[in-house]
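Examination of the molecular architecture
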Amino acid sequence: MTQRASELSGEQRAGAPGRGLTAAEVAERISRGEVNDVPVRSSRSLTEIVRANVFTRFNLIIGVLWVIMLAVAPIQDSLFGFVIIANTGIGIVQEWRAKKTLDSLAVVGESKPVARRDGKAAAIHTSEIVLGDLIELGPGDKVVVDGTVAEADGLEVDESLLTGEADPVLKKTGDTVMSGSFVVAGGGAFTATKVGREAYAAQLAEEASRFTLVRSELRSGISTILKYITWMMVPTATALVISQLVVKEHNFKDSIARTVGGIVPMIPEGLVLLTSVAFAIGVVRLGRKQCLVQELPAIEGLARVDVVCLDKTGTLTEGGMDVTELRPLGDAEEPYLRRVLAAFGASEPRPNASLQAIIDAYPAPEDGAWTTTGTLPFSSARKYSGAAFTEDGGASSAWLLGAPDVLLSEDDPALAEIGQLNEQGLRVLLLARARGELDAPDAAQGADPAALVVLEQRLRPDAGQTLAYFGEQRVATKVISGDNAVSVGAVAAKLGMEGAEHPLDARRMPEDTDEMASAMEQNAVFGRVTPQQKREMVAALQSRGHTVAMTGDGVNDVLALKDADIGVSMGSGSEATRAVAQIVLLNNSFATLPSVVAEGRRVIGNITRVATLFLTKTVYSVLLAVLVVCFQVEYPFLPRHLTLLSTLTIGVPAFFLALAPNKERAHPHFVRRVMRYAIPSGVICAAATFVMYLIARHHYSGTGALDAETSAATLTLFLVSMWVLAIIARPYTWWRICLVAAMGLAFLVVLAVPWLQDFFALKLVGTQMPWTAVGIAVVASVALEYAWRLVGRRFGG
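Position labels on residues start from 1 in each chain and follow its written sequence. At least 70 in pLDDT is required for a residue's local features to be given in this predicted model, at least 80 for side-chain atom pairs to be given and counted, and no such filter applies to totals for whole chains, interfaces and linings, which use all residues. Values shown for side chains rest on all heavy atoms present in the structure; no hydrogens or waters enter the calculation.

1. Here we look at helix 13 (residues 334-346)
Under the convention used in this document: Strands are runs of DSSP state E lasting at least two residues, helices are runs of H or I lasting at least four, and both sets are numbered from the N terminus onward. One fewer than the residue count of a helix, multiplied by 1.5 Å, yields its expected span. Classification of residues uses two cut-offs on accessible area relative to the type maximum, computed with a 1.4 Å probe and protein chains only: under 20% is buried, over 50% is exposed, and between them is partly exposed.
Here helix 13 is 13 residues long and its end C-alpha atoms lie 18 Å apart, about the 18 Å a rise of 1.5 Å per residue gives. Those residues of helix 13 not exposed but buried are L337, R339, V340, L341, A342, A343, F344 and G345.

2. Considerations on the packing of aromatic side chains
Filter applied, for reference: Here a Phe, Tyr or Trp ring, Trp counted by its six-membered ring, pairs with any other such ring whose centre lies within 6.5 Å, and the pair is stacked when the planes are under 30 degrees apart, edge-to-face when over 60, and tilted otherwise. To sit over a ring, a charge needs its Lys NZ or Arg CZ within 6 Å of the ring centre and within 35 degrees of the ring normal.
What the rule picks out here adds up to 13 aromatic pairs. With centroids separated by 5.3 Å and ring planes inclined at 75 degrees, the aromatic side chains of Y228 and W231 adopt a geometry described as edge-to-face. Of this pair, Y228 and W231 are both found in helix 9 (residues 217-247), 3 residues apart, which corresponds to roughly one turn of the helix. Given a relative accessible area of 44%, Y228 falls into the partly exposed group. Relative to F470, the ring of Y469 lies with its centre 5.7 Å away and its plane at 70 degrees, an arrangement referred to as edge-to-face. When its relative accessible area of 2% is taken as the criterion, F470 is described as buried. Put simply, the rings of Y336, F344, W370, F389 and W399 pair up and form one aromatic cluster. The ring of Y228 has K227 lying over it, and the distance from NZ or CZ to the ring centre is 5.6 Å.

3. Observations concerning unusual backbone geometry
Backbone torsion omega between R730 and P731 reads -5 degrees, so that peptide bond is classified as cis. By the element assignment, P731 lies in the loop between helix 26 (705-728) and helix 27 (734-752). Positive phi, normally seen in glycine, also occurs at R528, with a value near 55 degrees. Examined against the element boundaries, R528 turns out to sit in the loop between strand 18 (525-527) and helix 20 (531-543).

4. Points about helix 19 (residues 513-522)
How we decide: Summarising the geometry, the arc corresponds to the directions from the helix axis toward the C-beta atoms. Residue contacts follow a heavy-atom distance rule, with two residues in contact if any of their heavy atoms lie within 4.5 Å. In protein, a polar contact means a hydrogen-donor-capable atom and an acceptor-capable atom, both N or O and within 3.5 Å, with residues adjacent in sequence counting only if both atoms are side-chain atoms; elsewhere, any N or O pair within 3.5 Å suffices.
Taken as a whole, helix 19 has its buried residues at M516, A517, A519 and M520. The buried side chains of helix 19 occupy one side of the element, clustering within an arc of 160 degrees when seen end-on. Looking at the buried side of helix 19, the elements it contacts are strand 16 (476-480), strand 17 (504-505), strand 18 and helix 20. For helix 19, the N-terminal cap is D512; the gap from its side-chain oxygen to the backbone nitrogen of D514 is 3.1 Å.

5. Details of a nonpolar patch on the surface
The line we're drawing: Residues qualify for a patch when their relative accessible area is over 30% and they have no salt bridge, like charges being joined within 9 Å and the nonpolar side chains of Val, Leu, Ile, Met, Phe, Trp and Tyr within 5 Å. Each accessible area is a Shrake-Rupley estimate made with a 1.4 Å probe; only the visible protein chains count as cover when residues are assessed. Each salt bridge in this description consists of a side-chain nitrogen of Lys or Arg and a carboxyl oxygen of Asp or Glu lying within 4 Å of one another.
On the surface, a cluster of nonpolar side chains totalling about 440 Å² of accessible area is made up of L46, V50, V54, F55 and W96. Here the nonpolar patch takes 3 residues from helix 4 (residues 46-54), the largest share from any one element. With respect to the helices and strands, the residue V50 is situated in helix 4. Judged by relative accessible area, which is 31%, V50 ranks as partly exposed.

6. Some points on the pattern of salt bridges
Any two side chains of opposite charge can pair, on the condition that their charged atoms come close. Considering all chains together, one arrives at 22 salt bridges under this definition. A salt bridge links E28 to R32; the nearest nitrogen and oxygen atoms lie 2.6 Å apart. In this structure, R697 and E634 form a salt bridge, with 2.6 Å as the shortest nitrogen-oxygen distance. Here the residue R697 occupies a position in helix 25 (residues 670-699), and E634 occupies one in the loop between helix 23 (593-631) and helix 24 (639-658), the gap between them amounting to 63 residues. Of the residues examined, R697 reaches a relative accessible area of 27% and is grouped as partly exposed. What emerges from the salt-bridge pattern is a single network uniting D405, D505, R507 and R528.

7. Some thoughts on the confidence of the model for the protein
For the record, the criterion: pLDDT: the predictor's confidence for each residue, scored from 0 to 100.
Residues of the protein with pLDDT of at least 70 account for 90%, and the chain-wide mean is 81. Per-element confidence in the protein ranges from a low mean pLDDT of 35 for helix 1 (residues 3-11) to a high of 94 for helix 27. In this model residues 1-16 is a low-confidence stretch, pLDDT under 50, and it forms 35 contacts with partners more than four residues away in sequence or in other chains. Every residue in residues 205-214 is under pLDDT 50, and counting partners more than four places away or in other chains gives 29 contacts.

8. Let's talk about the packing of helix 25 against helix 29 (residues 768-795)
For the record, the criterion: Axis definition: a line fit to C-alpha positions, over the contact stretch in the case of helices; interaxial angles, taken between N-to-C directions, run 0 to 180 degrees. An angle below 35 degrees is treated as roughly parallel, one above 145 as roughly antiparallel, one from 65 to 115 as roughly perpendicular, and anything else as oblique. Take the far helix as the reference: if the near one is turned anticlockwise from it by less than a right angle, the crossing is left-handed, and if turned clockwise, right-handed. The classification used treats Ala, Val, Leu, Ile, Met, Phe, Trp, Tyr, Cys and Pro as nonpolar, Asp, Glu, Lys and Arg as charged, and all other residues, Gly among them, as polar.
At a minimum axis separation of 9 Å, helix 25 and helix 29 run at an interaxial angle of 160 degrees. Relative to helix 29, helix 25 is oriented roughly antiparallel. Note that helix 25 runs across helix 29; the crossing there is right-handed. Taken together, the residues that form the contact of helix 25 with helix 29 break down as 18 nonpolar, 5 polar and 1 charged.

9. Thoughts on empty space enclosed by the protein
Our working rule: Only protein atoms enter the 1 Å grid used here, on which a cavity is any set of points holding a 1.4 Å probe that cannot leave and a pocket is any open set flanked by protein within 12 Å on both sides along at least five of seven lines; residues with an atom within 4 Å of a point are listed as lining. Grid points are joined across faces, edges and corners, and a volume is the space filled by probe spheres set on the points.
Scanning the model with the defined rule gives 2 cavities of 30 Å³ or more in all. As a volume, the largest cavity reaches approximately 60 Å³. If you go around the largest cavity, the residues you meet are L613, T616, K617, Y620, T649, I650, C685, S721 and V724. Mapped onto the lining of the largest cavity, the elements with two or more residues apiece are helix 23, helix 24 and helix 26. For the lining of the largest cavity, the leading source of residues is helix 23, giving 4 residues. Class assignment for the residues of the lining of the largest cavity results in 5 nonpolar, 3 polar and 1 charged.

10. Focus: the sheet that holds strand 16
Note the following rule: At least two bridges found by DSSP between two strands is the condition for calling them paired.
Across the sheet, which stays open at both edges, the 8 strands sit in the order 8-21-20-19-9-16-18-17 with mixed pairing between neighbours. The open sheet has two free edges, formed respectively by strand 8 (291-293) and strand 17, since each of these has just one partner strand. Of the strand pairs in this sheet, strand 9 (residues 307-310) and strand 16 are connected by 4 bridges, and their pairing is parallel. Bridging from a neighbouring strand, C309 pairs with K478 of strand 16. Here helix 19 sits on the sheet in contact with strand 16, strand 17 and strand 18, set at roughly 110 degrees to strand 16.

11. Let's talk about the nonpolar core
Here is the rule: As used here, the term nonpolar core means buried Ala, Val, Leu, Ile, Met, Phe, Trp, Tyr and Cys residues forming a set that is joined through side-chain atoms within 4.5 Å.
In this structure, F80, I607, V610, L613, F670 and F747 are the most contacted members of the largest nonpolar core, which totals 97 residues. The leading source of residues in this core is helix 26, at 13 residues. If sequence neighbours within four positions are ignored, I607 has contacts with L218, I222, L274, T275, A278 and F670. C291, V293, V479 and I566 belong to the second largest nonpolar core, which has 34 residues in total.

12. Some words on the environment of R117
Checked against the element boundaries, R117 lands in strand 1 (residues 114-117). Separated by 94 residues in the primary sequence, R117 and A23 place their C-alpha atoms 7.1 Å from one another. Those residues in contact with R117 that sit more than four places away from it in its chain are R19, L21, V26, I124, E128, I129, V130 and D133. A distance of 2.6 Å separates the side chain of R117 from the side chain of D133, its partner in a polar contact.

Laid out in structure tokens, this is it:
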């Protein structure tokens, strides 16, 4: 809101519109329920979390099988059901922790609209707005409820998030404003006409900004895998049931137990759980660093990013600036220019960083002799602002303050002097006297240059290290700024950014998307970029297959943030940028981004590891069932055997591996990468186990032969599965070695302790078959090593 709007509100103090509601009117509306009570949640409710973790397709299948096992077999054959309960509980607890972290951070980062009540403006929570409240607006403010404009002074509103139209709309008194839009220039106030659930646009905005488990390559890949597993499982399980119940004509209960023992391990039940847990723990870890992740897969997305587009102001530089010099041009006198700048600063109650530096350097005198008669708010598209005054002698003047290369003609000799200043990384504004009306489309034409205002930007102390990190990680960084290209390049050069010595003026950028993409790939620093160009630049990079992250804090960044694969906003940025960004850095530190990238890489790399473990089990379980059906033999395992093997070779180690540090760069094609290793591993495990089982069948006979055969086959499968775990646990660290060794030791304890032998029905008979099992496992392990290396060489890891 400008001074003109302030004067307007002063004139209206006797009437309700300018003063807003009274305390009594607010209380009356609250009692009638006319409050903006739409719950703005940053995460799923506890009920939704429980429902999502409990009511899954595989939990249903396992639940039915568990009930059957409880009816026909000893409790030790039903252990898999208790494991599922424990896993589901862990998933609920972890996601609940993530929810609490997100909710607390959302409160910290919440913007508070300014409401005018009893003639006084005060920030209130969005949920405290009542019908009829007078809400003040300024650049960057988001319209939080529907309303009608009561005051307007150059008020320009961007409704692109609602209508898709990028051009801002000039609003006048009486016009409608919709929630979800935001102010790009000017100021004013509006009266709330629809609050709570009556405001349809507010509901859309809430849904759009809610914390959701949106699609990601990791989640969609796992869903694809589970879909194919379901298709394979149904015919295989049916054939196994027929084989065990009809063909072999065994004891009914024993046949049921062995049938269930064949079906249960086909289900990678812990894979979805561990993915959710890994994401949830990532949210908690980042929350401790004051990083609000508004969508879980944003962690994954930033890890896949190969281009980061940075806005200079607020990202590489701190918000504040300092005036270092005032250079008069022509015959203008410096004391008079200082007075103009002081009046200019006083005319804008919501100054940007540049104008705030001028206000700090040239405070307005208390005599108030100069009167503001008109203002032109700053616009990113125009690159300048304006103000008109009646001076103390009664003379009138109008002034423009903005980008010199926009306000001056291309052949103006002052541009050479400005270029030298820009090369030093200094920011330069031009103060010029306007000849026409401020709001004329050609207001800058023919303006008389009066002075150069030289500003020095404060570099973020951690920006250089962050840029170096992205360089080491082979992530291209592009600085996209509305400032002068040479000045932006100088700032980037001070931070050691590669390619900063060749900045490109965006006004000379090609309009063709393909040519723009080439320019984007070849250059690193871009200046004089308009908000629409930022959006086009992001689209151009995406057209070349790049995954693009965009950081920003100003209104001019909103469209680009919205279109980028990952939008990152500073906590101190405008409310509009925070609304569309997937990640908000509440501590305003660009240096937090490497932590987010590292967290995403940890999640993706580790889930890829553990997914290979889970799917290896699925592959060998399906193949064993097929082999049993084809050879018309008893299924070798009871559920208790595979519960033990799954716990020691998959469940426990996968939990630790999923949460371990991992700096490996994220790779695309998750499903293909996992299946390349899981299929050969599963085939080798199944072949070795079934060969050992057939050998044992020919060796053992008489009472207890099946138990002895099962024990030998179990030993083989455990040893080969342990080797798969040993491969996946690489590269070894002390704790990884201890983890693998502990799992092996736990199995030895089961074999050595009599009551555990009885509990798990595992007892090795004789020495010939156990040693044969070890020999087959050794051969299978060599085959595993060869298969993994072959896949690694052929497909690049």
